[in-house]
Structures are given as C-alpha cells and as structure tokens.
Amino acid sequence: MNTELSKQYGLFGISEEVLAYGEEVSASLRERFREIDETAEYNQLKVIRAMQECGVSEACLLGTTGYGYNDLGRDTLEKVYAHIFHTQAALVRPQITCGTHALALALMSNLRPGDELLSPVGKPYDTLEEVIGIRPSKGSLKEYGISYRQVDLLENGAFDYEGIKAAIHDRTRLVTIQRSKGYQTRPTLSVARIGELIHFIKEIKPDVICMVDNCYGEFVETIEPTNVGADMAVGSLIKNPGGGLAPIGGYIAGRQDCVENAAYRLTSPGLGKEVGASLGVLPSFYQGLFLAPVVTANALKGAVFAANIYEKIGFPVIPNGTESRHDIIQAVTFGSPEGVIAFCQGIQAASAVDSFVTPEPWDMPGYDSQVIMAAGAFVSGSSIELSADGPIAPPYAVYFQGGLTFPHAKLGILKTLQNLIDRRIVSPDFCRLA
Ligand SMILES: *Cc1c(COP(=O)(O)O)cnc(C)c1O
C-alpha cells in the first residue's frame, strides 16, 4: 500500500501490521468482489431500465402536500418498484414508517378474522412476535381472531416439508417467509430456495398468499422472491432499497389485489393509493433506489471482508468466509462481553457522524440482556449504513451490517480489529486469545 494512504489509516490509529493483514485479506477476495460487482452491474441496469420504461421525468421529483391527489412522482415510483420486482403493483410510501410497519400492514390488510397465518421457516423476526401476538400485544393479529402456526426448519436447516404439509388447512390464508436469518443462527434463504418452498406450498393450496419478508435481501441477488412466485415482497427503505438516501419509508411489491388491500388499510377504505402526499422525499427515494445496487454491493463486500478477517483469527463467523450470500448481515462470535464491546466501539469510532460517542451496553426495552449498539448514521437507525449491535449474553456474538461505501466498511472493520488487539483480546500476531 502506498505510504500516503497508510498515513491516512495511521490518523485513525490503525497500525501498519493491522493494515498489512487487511491488505492480505483484501487481496484474497478479488474474485469474490468481482462476482459481487457483476451482480451490482446487472441490478444497476435493471433499475435504470425500470426508470426509463416507466417514464421517470424531472417532474417526478417534485412532491405534493395535503391529500396528495395525482402525485405523479409517487405513482411513477410505485410503477418503477413493480417493474423491478416483476409484480403487478407496489406501494412505496413515507407513511410506512419502518420495516415492521410494512410487514404488519401487509399481514393485517390481507388476513381476516378466522384466517390462519403460517410461518414455515421457524420463528419470525423479533418485532413480528407482537404483530402476530406470539407475545401478547395491543392490536395484534391474535386480538382480531387471526391464529398463527409455525413449522421450524429441520436441524440441518432444510424445510420440514412433511410438517409444512400437515400444517396447511382450510383456514391457512397467508404464508410468511423470512428471507434473512435476521438475528438468528439459521442460514439465510436464497431466492431459489424460497421459490422451491413457494412451489411446494402452492401445490398443496394454490390460493394461499405467499409473502416474503425481504428485509436486507434486496439486490443481493439478480432476482427477487417475487420472480419465483411470491405474491408479496416487503421491506424497509432505510435498508437496501433506499440506498442510504431515503430518510424513512417502506414498500410492498406484489399482486394487484394484495397491494390494494394494503393501500386501503394504510389510508382508508375508499381512498387507498389515491391519497398520501409525498412531501419532499421523492428525490431521495428515486436517487436512493438508483444507488441501491452498488450500495448493497459495498455492504456485502464489507460483510465478506469482516468474515474473512475474523475467521482467520479463529472466531466463529456466520456466514463463513467462503459461502454464498443472500443478505448483508454478518455475525461474529467473540465469546466474551469485552469482544462485543470492543467491536461495537470500533465501528462507532470509524463513523462520520457521532464518532466521538462511545457506545456502552444498556438495558434496552424488550430484551432480556443488555445490548450494545454502534450507529453513527446520517439517517437515524439506518442499518444500510455501517452499524453493529450485540446482546451482552452468551455466545457473545455481534451482528454487523451495512456500509454505504466499501472504504468506510473496511476502515470500520480494521478499527474493530485494532481495538481487539489494543485490549489484548487478539494477539499482535493475529491469534484469538482465550
Ligand atoms: C429489520 C428487519 C425487520 C424490521 O424492520 P424495522 O425497520 O427494524 O422495523 C423485519 N424483518 C427483518 C428480517 C429485518 O431485518
């Protein structure tokens, strides 16, 4: 590495040894990164093509106020999403406040009292437990007389086809499939595997609605779950598809009737998609979507880099350094609270925003153990930006994701390693210390 560049790293407290190790790992990942770039290239063309075919114009970047009737930019953006996701329709709104809200909306609007919801891939994301009513909560599906059934994955991560078949009955109306492993240790599902599962379910009950929680998965592959039979794909705009620029929002892309149901629930029966002013957010929605394929690729490179950095030192990593990726989350198990804390403080110290803040473990509502979070983000809570969190409980794993640019993700990861060495959790010759 040239000396001017290593001096820049020096200003962040990164030693020459850590930098050299980082360079060695980078060099070993050239082929991997080339593949990630190729996917980004494909998806970039897909996004541009969609914008061209939907006739995106300068006028689309203007917003509306009040009721938001005839909001050209909003309506066109929804056509762009539908084009990209290969669906009949889409709902893409700043009034959808986050990923959980988008998922709750898709569920509550497409289920009716007496229906049953099935998850054939085990426990859903934490926040959905309250939406469904697995944990008692005001306004849950359960309160409205919608029951829930779950079939866990088999020990080896495979679908329990027999169990799934037995769980589907007359009242089964909607199946929810979470693509990302989230903060569990099961493998993330590839789009191809999701397609196989949907095919199996539709053979048993053709009219069941298959919804995919697509959070963290968008643009990681060249196809989305809606290309392989999903009736709805649902996600957050402060993750992948917002490209780091969207300051809020969620989307539901899917079958016309499913999306309409969601629109009537979001606004009001009779109003649906016709109202909902876009205010001033459209430029960031459009430009963020335009950048999203490359931003997702950068985050993915950061995850692969982190996996390889820590795997070689001797820490368990999920996914491992070589396996194929279907979302942007990387887990590293440090086996001690000090490791988790050193990692999160390293990520924070590499941020452009709030770098001077030192995150500490705290008692976060809804968690049994203390949690530490690192997030110096331009958009509060955005997890397509470089961020990490970890519960202070065995096995002391940290979950790391995002990075709008790869150089930023690389700096963050090297800073975490420097912290671990300075605190004698990793030896200066890059071995895990007990
Ligand atoms: C982030 C996430 C959610 C919830 O999104 P929020 O924006 O945090 O409400 C749901 N499911 C998965 C898999 C996620 O990663």
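What counts, and where the lines are drawn
- Residues numbered from 1 in each chain as written.
- Predicted model: local features only at pLDDT ≥ 70, side-chain atom pairs only at ≥ 80, totals over all residues.
- Heavy atoms only, no water.
- Disulfide = S-S within 2.5 Å.
- Patch = residues over 30% accessible without salt bridge, like charges linked within 9 Å, V, L, I, M, F, W, Y side chains within 5 Å.
- Areas by Shrake-Rupley, 256 points an atom, 1.4 Å probe, with all protein chains shown as cover.
- Salt bridge = Lys/Arg side-chain N within 4 Å of Asp/Glu carboxyl O.
- Helix = DSSP H or I, 4+ residues; strand = E, 2+ residues; numbered from the N terminus.
- Buried < 20%, exposed > 50% of the residue type's maximum accessible area, 1.4 Å probe, protein only.
- Pairing = 2+ DSSP bridges.
- Axes fitted to C-alpha atoms, helices over the stretch in contact; angles between N-to-C directions.
- Contact = heavy atoms within 4.5 Å.
- Near = heavy atom within 4 Å.
- Polar contact = N/O pair within 3.5 Å; in protein donor to acceptor, adjacent residues only side chain to side chain.

This paragraph deals with the state of the cysteines. Throughout the structure, instances matching the rule amount to 0 disulfides. Here Cys-60 is not disulfide-linked; the sulfur of Cys-54 is the nearest cysteine sulfur, at 9.4 Å.

Together, Tyr-67, Tyr-69 and Leu-271 line one region of the surface with nonpolar side chains, adding up to about 350 Å² of accessible area. Mapped onto the fold, Leu-271 is located in the loop between helix 9 (256-266) and helix 10 (282-313). The exposure class of Leu-271 is partly exposed, given its relative accessible area of 35%.

So, about the pairing of strand 12 (residues 397-401). On a regular strand, one side chain projects to one face of the sheet and the next to the other, so that they alternate. Of all 5 residues that make up strand 12, 5 are buried, and the element is covered over most of its length. Of the two faces of strand 12, the one carrying Ala-397, Tyr-399 and Gln-401 and the one carrying Val-398 and Phe-400 are both buried. As judged from the 4 bridges shared by strand 9 (residues 330-333) and strand 12, these two strands associate in the antiparallel manner. Looking at strand 12, one finds that Gln-330 is bridged to Phe-400. By the bridge criterion, 3 bridges tie strand 11 (residues 387-391) to strand 12 in an arrangement that is antiparallel. Across the sheet, the residue bridging to Ala-388 is Phe-400, located in strand 12.

Here we take up the sheet that holds strand 6 (residues 232-236). Taken together, 7 strands build an open sheet; the order of strands is 1-7-6-5-4-2-3 and the sheet is mixed. Whereas interior strands pair on both sides, the edge strands pair on one side only; in this sheet they are strand 1 (89-93) and strand 3 (147-150). The sheet shows a mean angle of 20° between the axes of neighbouring strands, taken without regard to direction. Alignment of strand 5 (residues 209-213) against strand 6, held across 3 bridges, turns out to be parallel. Its bridge partner being in strand 6, Asp-213 is matched across the sheet by Val-234. Contacting strand 1, strand 6 and strand 7 (250-254), helix 4 (residues 72-85) crosses the sheet at an angle of about 125° to strand 1.

For the rest of this paragraph, the subject is the site of the ligand. Taken together, Cys-98, Gly-99, Thr-100, Leu-103, Tyr-125, Gln-178, Asp-213, Cys-215, Tyr-216 and Lys-239 are the residues near the ligand. Here an oxygen atom of the ligand and a backbone polar atom of Gly-99 are 2.8 Å apart. Measuring from an oxygen atom of the ligand, one finds a side-chain N or O atom of Lys-239 at 2.9 Å. Burial of the ligand by the surrounding chains reaches 89%, relative to a free accessible area of 380 Å².

From the geometry alone we can't say anything about function, so treat these as descriptive.
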